[in-house]
Amino acid sequence: MASPPHNFTRLQKMAIFLIALGKEKAREILAEVDLETIEKINTAIAELGPVPAEVKATVMIEFGDFFFKDKPLSGKFMDLGEKKAPPP
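Please read these numbers as outputs of a predicted model, since none were measured by experiment.

J.: Tell me about the overall build of the protein chain, and name the residues and values.
T.: When helices and strands are tallied, the protein chain shows four helices and zero strands. Listed by position from the N terminus, the elements making up the protein chain come as α-α-α-α. Partitioning the intrachain contacts of the protein chain with sequence separation of at least 6 by distance along the chain shows that 77% fall at a separation of at least 24.

This is how it looks when you write it as structure tokens:
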């Protein structure tokens, strides 16, 4: 089972967000993103494994707050080169 949403890095949350959107919408969003960044996001997606619906929902709500309430994404900031979430 995946970690609680508050334990994910921002990169992992972006990966979960894209998983929740589905392949077609994710492709559309990433169409202009450089290959190195896409590879890092793909690695994060692969490392996450199956993501439960409640985790997807929690991350989507957090992104909604980010877009519509100007709230920052929670979680430790990690640049796109880092792969692991901080321990719980």
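That shown, we press on.
J.: How would you summarise the nonpolar core if you had to cite specific residues and measurements?
T.: Judged by nonpolar contacts, the single largest core of 17 residues is most densely connected at Ile16, Leu18, Leu48 and Val55. The leading source of residues in this core is helix α1 (residues 10–21), at five residues. Apart from the residues lying within four places of it in its own chain, the contact partners of Ile16 are Phe8, Leu48, Val51, Val55, Lys56 and Val59.

J.: Residue-level account of the environment of Asn42, with values.
T.: Mapped onto the elements of the fold, Asn42 is located in helix α3 (residues 35–48). On the accessibility criterion, Asn42 (43% relative accessible area) is partly exposed.

J.: Please set out a nonpolar patch on the surface residue by residue, giving values where relevant.
T.: On the surface, a nonpolar cluster with roughly 380 Å² of combined accessible area is contributed by Phe66, Phe67 and Phe68. Residue class for Phe68 comes out exposed when judged on its relative accessible area of 74%.

How each quantity is defined
- Along each chain, the written sequence defines residue order, and numbers are assigned to residues from 1.
- In keeping with the model being predicted, local features are shown solely for residues with a pLDDT of at least 70 and side-chain atom pairs are shown and tallied solely at 80 or more, while totals for entire chains, interfaces and linings include all residues.
- With hydrogens and water excluded, all non-hydrogen atoms of the structure serve as input to the side-chain values.
- In DSSP terms, a helix is any run of H or I states spanning at least four residues, a strand is any run of E spanning at least two, and both are numbered starting from the N terminus.
- Whether two residues touch is decided by their heavy atoms; if any such pair falls within 4.5 Å, the residues are in contact.
- Here the nonpolar core consists of buried residues drawn from Ala, Val, Leu, Ile, Met, Phe, Trp, Tyr and Cys, with membership extended through side-chain atoms lying within 4.5 Å.
- A 1.4 Å probe rolled over the protein chains alone gives each residue an accessible area, and that area as a share of the maximum for its type sets the label: buried under 20%, exposed over 50%, partly exposed in between.
- Nonpolar side chains (Val, Leu, Ile, Met, Phe, Trp, Tyr) are joined into patches within 5 Å and like charges within 9 Å, using only residues with over 30% relative accessible area and no salt bridge.
- Only the protein chains shown count as cover for residues, and the accessible areas themselves come from Shrake-Rupley with a 1.4 Å probe.
- Put simply, a salt bridge is a Lys or Arg side-chain nitrogen that is within 4 Å of an Asp or Glu carboxyl oxygen.

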